[in-house]
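Analysis of the macromolecular model
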Amino acid sequence: MSGGVLGLGDLVEIGRLDDLGRLDTPMHRVDARAKAIVVLAFIIVVMSFPRYEISAITPFILCPVAFISLGRIPVRHIARKILVALPFALVIGLFNPILDRQPIVAFGPHTVAGGWVSFASILLRFALTVGAALALVACTGLYRLGAGLGQLGVPRVFVVQLLFCHRYLFVVADEGGRMMRGVALRSDGKRTLSLRVYGSLVGHLLLRSLDRAERVHRAMLARGFTGEIRVMRCSAFRGSDWLFVCGWLAFFAAARAWNLAAALGCLLTGGAA
Amino acid sequence: MHMADALVSPAVGGTMWAAAGGSIAFCARKVKQSPRDDLVPLMGVMGAFVFAAQMINFSIPGTGSSGHLGGGLILTLLLGPCAALLVIASVLTVQAFFFADGGLLALGCNIVNLGCIPAFIAYPLVYRGLAGNARSTSRGRAATMVAAIVGLQLGAFAVVLETRASGISELPFGAFVLLMQPIHLAIGVVEGLATVAALSFIARARPEALSAPSQVGTSVRLRSVLVGVAVCAAILGGVASWFASTHPDGLEWSIAGVSGREELRSSRDGLRGKLAALQEATAFLPGYGFRTTGHPAAPAESDRPTAQPWPAVSAETSLSGFVGGSLTLALACLLGLGLRAGARRGAGRTGRG
C-alpha cells in the first residue's frame, strides 16, 4: 500500500468509473462472471508469451478494444489511467535494454537489441493487461463484479468487505479532504505537516472512522442485521454468456497457438517463414 | 511496491493467487466464527480509512520529501491479523480495479507481500515478541517501528523473488536486491513513524480504542504460523528451483498448457497437420521469439540470445512481423471505432443514446 498518494481527483475518478459501470450497453449486459473469467484468461494468456514476443501479442488488443467500444467507455479515460500507472513497469523494464544488448531483430541494416524488444513487449503487455482490467470494471461496476465474484466462490465475508470498503471510501476520504482543507487554511501556505501534527490528524481521522463504523453497525442492527451477511444475487448465466466466454477463449487459444499478426505480415509482404 | 501484471508470469501469479486465496478463505472463516458482529462495518470503514489516510502527508525532516501511512501494520494492530488481512486484500483489490495500481494477475503477489507478511509474520513474530503486553509504552513503540521495517523488508524481498521467478525483467538478483532493500528500509522507517504517531495520539485521546476486546486471529499460534511459513517457503522454493532448472525462460510448460503446442507439433496429419504446416509457413516467430528463425529444429531450449549466432537475424522476418503487428493494431482500432459507431446507432434506435 505504499502506492501513489490518493488525492481528491482520484476519488472523482473512482466515481467516474462507477458511473460508467452503471451504463446499459451490450457489454454491460453480459454477466459479470463471464467478463471476469474472460479478462482473467486474457491476462494469463498475454503474460504466458515468451519475453521477446511482440507481434503475436498484438491481436490480443482486440479484447480490450471490444470491451471499450461495445461498452462505450471513453478511450481517453482508460488511456490516462494506464499512463498514470506506468512508472513501476517503466522503471523495472528499462533495465532490460541496459542489461540485454544482444541484437535479435534487423530492419535492413539496422538492428535492435533484445533488451529493447523485451522492453517493448513489457510495455505492450502492461497496456493490454491494465486496459483489460480497467475495461472490466468500467463495463461491470464494482457492485455487480463483487456479486459475480461471490457467485464464483469468493468467500462472502470478503465480497462484503470489498463492497463496504468501496462504499465508505467516499465518505471517509471526504472527511480526510475536509481535514486537509482545514490544515491548509490554517498553516499559512506550508504544504507539509510535522510528524506530530500528522499523528494527531491521522489519529483523529481514525477515531472518526471508528465512530462511523459504530454508527453504521447500529444502523444495520436497527434494520435487522443478525450477523448473517446477504448479498443480492443479481443475474443468471444465460446462453449468450456461455457464447461470450467460449468465443473469447477460442480466440485466445487460436491467437496463442498461431502468430496471427505475423501471418498477416507474411501475406502482405510476401515474406517467408 | 505494488507489482504490475506486466512483470509477473502466469506460473508465479497463479502460485501466489493460490497462497493469497487460501489465506483469504482461512481469514474469512475466522472472521465469520468471531462473535463480534460489528466487525463487518468496522472492517469496511477501516479499509476506507487506509485510502483516506494516504491523502495526508507529513514532511520527513532533512530530506525535503514526504511520507504517508501504508496501513498494513496499523490495521493488524487494531483489528488482529485475520480481519486485517481481509481489509488489506480489499484495499489492494480496489486499487487494482480502480487505479490500475498493481494488476489482477499480480494481485495474489501483492496480497501476500503487503498483507500476509505484515499480518502473519511481522505482527505475531516480531511485534508481539518484542512488545509483549506493553502496547502504549516506548517498548511498544519500538516494537511497532521494528515490525514495520521487518515487514517491508520481507515484502520487498518477496517482490524480488517473485519478479526473478517470473523471468520477465532482466534485472539480476543481486542488483535487484540492492535496489529494493534500501528503498524499502526508508519506506519501512516512514511507515513505522506514521504508525507510531497515529497510535500514540489515540493512546492519549482515547486509550480504550486500542484495547479492543478479542481481536480476531490474535490467538494464532506461533507454531501454526511457522508451519504456514515453512509450507509457503517450500512451495515457493519448489517453483523457483523449477524455474531455475529451465532457465532462461522457464515458461515452456505454461505455454504448452495454454496453447497445446506440443500436441500441435506432434501430430502432423489431418487438419492439425495442415494447420501446423500453415503455422510453419506463416509464423516466422514459431512461438519462441525472433531467434529461432535459423534453427527450426532446436526451438525451445536455445532461448537465450547468445545461443543464436549473429547472422541468423533476418531482416525479412523482422519486417513481416513489424508490418503484421502494426497492421493488426490498426485493424483492431478501426474495428473498435466501427463497433462503437454500431453501438451508438443501436442505442439511438432504442432511444437510449
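Rules used throughout
- Residues numbered from 1 in each chain as written.
- Chains lettered and ligands numbered in written order.
- Predicted model: local features only at pLDDT ≥ 70, side-chain atom pairs only at ≥ 80, totals over all residues.
- Helix = DSSP H or I, 4+ residues; strand = E, 2+ residues; numbered from the N terminus.
- Buried ≥ 20, exposed ≤ 12 C-beta atoms within 10 Å, placed from the backbone.
- Contact = placed C-beta atoms within 7 Å.
- Pairing = 2+ DSSP bridges.
- Core = buried A, V, L, I, M, F, W, Y, C linked by C-beta atoms within 7 Å.
- Axes fitted to C-alpha atoms, helices over the stretch in contact; angles between N-to-C directions.
- Parallel < 35°, antiparallel > 145°, perpendicular 65-115°, else oblique.
- Left-handed = near helix turned anticlockwise from the far one by under 90°.
- Nonpolar A, V, L, I, M, F, W, Y, C, P; charged D, E, K, R; others polar.
- pLDDT = per-residue confidence, 0-100.
- Expected span 1.5 Å × (residues − 1).

**With respect to the overall build of chain A**
- In terms of regular secondary structure, chain A is built from 13 helices and two strands.
- By its C-alpha atoms, chain A is 70 × 55 × 30 Å across when sized along the principal axes.
- Relative to its 273 residues, chain A shows a buried fraction of 51%.
- Taking as baseline every contact in chain A between residues at least 6 positions apart, the subset at least 24 positions apart corresponds to 77%.

**Brief notes about the overall build of chain B**
- Broken down by element type, chain B carries 12 helices and two strands.
- Counting from the amino terminus, helix and strand elements in chain B follow one another as α-α-β-β-α-α-α-α-α-α-α-α-α-α.
- Expressed as a percentage of its 353 residues, the buried residues of chain B come to 53%.
- Excluding contacts between residues fewer than 6 apart, the proportion of contacts in chain B whose partners are at least 24 apart in sequence is 71%.

**So, the pairing of strand 1 (residues 103-107) of chain A**
- In this sheet, strand 2 (residues 110-113) of chain A lies alongside strand 1 of chain A in antiparallel orientation, the contact comprising four bridges. Directly across from Phe107 of chain A, in strand 2 of chain A, lies its bridge partner His110 of chain A.

**What to know about the nonpolar core**
- Core analysis: the largest hydrophobic core is formed by 190 residues, its most contacted members being Ala133 of chain A together with Leu86 of chain B.
- Leave out the neighbours within four places in its chain, and Leu86 of chain B touches Val157, Phe158 and Gln161 of chain A together with Ile24, Cys27, Ala28, Val31 and Met43 of chain B.

**A few points about unusual backbone geometry**
All names here are of chain A.
- Positive phi, close to 50 degrees, is recorded for Arg72, a residue that is not glycine.
- Residue position: Arg72 is located in the loop between helix 4 (62-70) and helix 5 (75-85).
- Judged by C-beta crowding, with 21 C-beta atoms within 10 Å, Arg72 ranks as buried.

**Section: the packing of helix 6 (residues 138-166) of chain B against helix 7 (residues 173-205) of chain B**
Residue and element names in this part refer to chain B.
- At a minimum axis distance of 7 Å, the contact between helix 6 and helix 7 shows a crossing angle of 150 degrees. Judged by the inter-axis angle, helix 6 sits roughly antiparallel to helix 7. The element helix 6 and its partner helix 7 pack so that their crossing is right-handed.
- Here the contact of helix 6 with helix 7 is composed, by residue class, of 17 nonpolar, nine polar and three charged.

**A few points about the confidence of the model for chain B**
All names here are of chain B.
- Residues of chain B with pLDDT of at least 70 account for 64%, and the chain-wide mean is 72.
- Overall, residues 240-272 carries pLDDT values under 50, and its contacts beyond four positions in sequence, including any with other chains, amount to 43 contacts.
- The low-confidence segment residues 281-312 (pLDDT under 50) makes 62 contacts with residues lying over four places distant or belonging to another chain.
- Overall fold confidence (pTM) sits at 0.77, and the ipTM for the predicted complex is 0.86.

**A few points about the packing of helix 1 (residues 10-33) of chain B against helix 4 (residues 81-99) of chain B**
Residue and element names in this part refer to chain B.
- Direction vectors running N to C along helix 1 and helix 4 enclose 125 degrees, while the axes themselves pass 8 Å from each other. Put simply, helix 1 runs oblique to helix 4. Our pair here, helix 1 against helix 4, has a crossing hand that is left-handed. The segment helix 1 lies against helix 4, with Ser23, Ile24, Cys27, Ala28, Lys30 and Val31 engaging Cys82, Ala83, Leu85, Leu86 and Ala89.
- For the contact of helix 1 with helix 4, the per-class residue count stands at nine nonpolar, one polar and one charged.

**As for the interface of chain B and chain A**
- Across the contact, 120 residues belong to chain B and 125 residues belong to chain A.
- With 20 residues, the top contributor of residues to the side of chain B that touches chain A is helix 12 (residues 315-349) of chain B.
- Broken down by class, the residue content of the side of chain B that touches chain A amounts to 72 nonpolar, 34 polar and 14 charged.

**A few points about helix 9 (residues 142-151) of chain A**
- Of all the 10 residues making up helix 9 of chain A, eight are buried; the element is thus mostly covered by neighbouring parts of the structure.
- Just beyond helix 9 of chain A, the residue with positive phi is Gly153 of chain A, at close to 110 degrees.

**Section: the confidence of the model for chain A**
- Averaged over every residue, the pLDDT of chain A is 84; the share at 70 or more is 91%.
- Contacts for the low-pLDDT stretch residues 1-5 of chain A, under 50 throughout, to residues beyond four places or in other chains number 17 contacts.

**Concerning helix 4 of chain B**
All names here are of chain B.
- The end-to-end C-alpha distance of helix 4, which contains 19 residues, comes to 26 Å, matching closely the 27 Å that a straight helix rising 1.5 Å per residue would cover.
- Extensive coverage of helix 4 is indicated by the burial of 19 of its 19 residues.
- Ala100 lies just past helix 4 and shows a positive phi near 55 degrees.

**Here's the deal with the environment of Ile149 of chain B**
Residues and elements named next belong to chain B.
- With respect to the helices and strands, Ile149 occurs in helix 6.
- The buried category is assigned to Ile149, around which 21 C-beta atoms lie within 10 Å.
- Separated by 27 residues in sequence, Ile149 and Ala122 have C-alpha atoms that sit 8.8 Å apart.
- Among residues more than four places away in sequence, those in contact with Ile149 are Leu185, Gly188, Val189 and Gly192.

**Structural notes on the environment of Arg256 of chain A**
- If you trace the backbone, Arg256 of chain A turns up in helix 12 (residues 239-257).
- On a C-alpha basis, the gap between Arg256 of chain A and Val45 of chain A in space is 7.1 Å, while along the polypeptide they are 211 residues apart.

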